[in-house]
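Residue strings, one per chain:
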Amino acid sequence: MRPILKRLAATSLLLSLLAPLQAETKIEHVSAEEFSRLIAKDDGIILDVRTPKEVAQGHIPGASVIDIYDEDFERKLNFMQKDKPIYVYCRSGGRSSRAAEIMGRNGFSSVYNLTGGIGAWNDAKLPVEVTEHVSDDSAQSLSQADFNKTLAASDVILVDFHTQWCMPCKQMAPIVDGLQTEFETKASVL
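Residues numbered from 1 in each chain as written. Predicted model: local features only at pLDDT ≥ 70, side-chain atom pairs only at ≥ 80, totals over all residues. Heavy atoms only, no water.

Caption draft 1: Highlighting the sheet that holds strand E2 (residues 45–48). Ordered in space as E1-E5-E4-E2-E3, the five strands form an open sheet in which the pairing is parallel. A single partner strand is all that each edge strand has here, and the edge strands are strand E1 (26–30) and strand E3 (64–65). For strand E4 (residues 86–89) and strand E5 (residues 110–114), the ladder comprises three bridges, and the chain directions are parallel. Across the sheet, Ile86 pairs through a bridge with Val111, a residue of E5. Across the sheet, helix H5 (residues 94–105) lies against E1, E2, E4 and E5, angled at about 145° from E4, the strand it touches most. (Pairing = 2+ DSSP bridges. Helix = DSSP H or I, 4+ residues; strand = E, 2+ residues; numbered from the N terminus. Contact = heavy atoms within 4.5 Å. Axes fitted to C-alpha atoms, helices over the stretch in contact; angles between N-to-C directions.)

Put into structure tokens, the structure is as follows:
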């Protein structure tokens, strides 16, 4: 057998042996009561895939937000921890089912889709939070020139880059705000 054919045959054999070892995403469609029980374990990420306008009407407490209509939806999903359970929902279950399929193709370990969406959650009289907006108005927006100028103006700077849909970012916000107050005269916090 020619060397190139031997390599192709060996590669093909190796891939066929490794294929069963690839983890498949576990996608489950669950009721509002089961969804509530699962998220109470606090070992995963709650993901709302509705539009910001819909989210502002009420969302499940602690939910991260990535609008499925965002052109960067899949890229943003891939910044999430894939080894944690994802609890995904939308208004009625259609968009979150689509999001669960996308997560399945991208290697997430387990995804739980809320059957009936936030409507079923509300019907079950489970808690929701209502916020006026989901964007972070405290976040500063800087041009590259302004950013470079700010960096040159101080010896010690903490720059916090975050998004509205990142749950760890939301959890870090009070800590960063505290650092800004504590080190006000010693460092700049952006």
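Caption draft 2: Structural context of the pattern of salt bridges. Counted by the stated rule, this structure contains six salt bridges. One salt bridge connects Lys76 with Asp70, and the closest N-O pair in it is separated by 2.5 Å. Judged by relative accessible area, which is 17%, Lys76 ranks as buried. (Salt bridge = Lys/Arg side-chain N within 4 Å of Asp/Glu carboxyl O. Buried < 20%, exposed > 50% of the residue type's maximum accessible area, 1.4 Å probe, protein only.)

Caption draft 3: Local environment of the confidence of the model for the protein chain. Looking at the protein chain as a whole, the pLDDT averages 83, with 79% of positions reaching at least 70. Taken together, the stretch residues 18–22 has pLDDT below 50 and engages in zero contacts with residues farther than four places along the chain or on a different chain. (pLDDT = per-residue confidence, 0-100.)

Caption draft 4: Local environment of the nonpolar core. Leu47, Leu77 and Met103 are the most contacted members of the largest nonpolar core, which totals 17 residues. Of all the elements in the fold, those that place two or more residues in this core are E2, helix H4 (73–77), E4 and H5. If you look at the next biggest cluster of nonpolar residues, it comprises 15 residues, including Ala32, Leu38, Ile60 and Tyr89. (Core = buried A, V, L, I, M, F, W, Y, C linked by side-chain atoms within 4.5 Å.)

Caption draft 5: Focus on the side chain of Glu54. Tracing the chain through its elements places Glu54 in helix H3 (residues 52–56). The class of Glu54 is buried, set by a relative accessible area of 15%. Once residues lying within four places of it in the same chain are set aside, the contact partners of Glu54 are Arg91 and Arg95.

Caption draft 6: Seen up close, helix H2 (residues 32–40). Regarding H2, the residues found buried are Ala32, Phe35, Leu38 and Ile39. End-on view of H2: buried residues confined to an arc of 125°, all on one side of the axis. Away from its buried face, by an angle of more than 90 degrees, H2 presents the exposed residues Glu33 and Ala40. Looking at the buried positions of H2, the neighbouring elements they touch are E1, E2, E4, E5 and helix H6 (117–123). (Arc of directions from axis to C-beta.)

Caption draft 7: Region of the structure containing the packing of aromatic side chains. If you walk through the whole model with that rule in mind, you get four aromatic pairs. Look at Phe35 and Tyr89: their rings are 6.3 Å apart centre to centre, the planes differ by 80°, and that puts the pair in the edge-to-face class. A residue pair is termed long-range when its members are at least 10 positions apart, and Phe35 in helix H2 and Tyr89 in strand E4 qualify at 54 residues. Like Tyr89, Phe35 is buried. Taking 6.1 Å as the distance between ring centres and 85° as the angle between the ring planes, the aromatic pair formed by Phe35 and Trp121 counts as edge-to-face. One end of the pair, Phe35, is in helix H2; the other, Trp121, is in helix H6, with 86 residues separating them in the sequence. Both residues of the pair, Phe35 and Trp121, belong to the buried class. Put simply, the rings of Phe35, Tyr87, Tyr89, Tyr112 and Trp121 pair up and form one aromatic cluster. (Phe/Tyr/Trp six-rings, centres within 6.5 Å; stacked < 30°, edge-to-face > 60°.)

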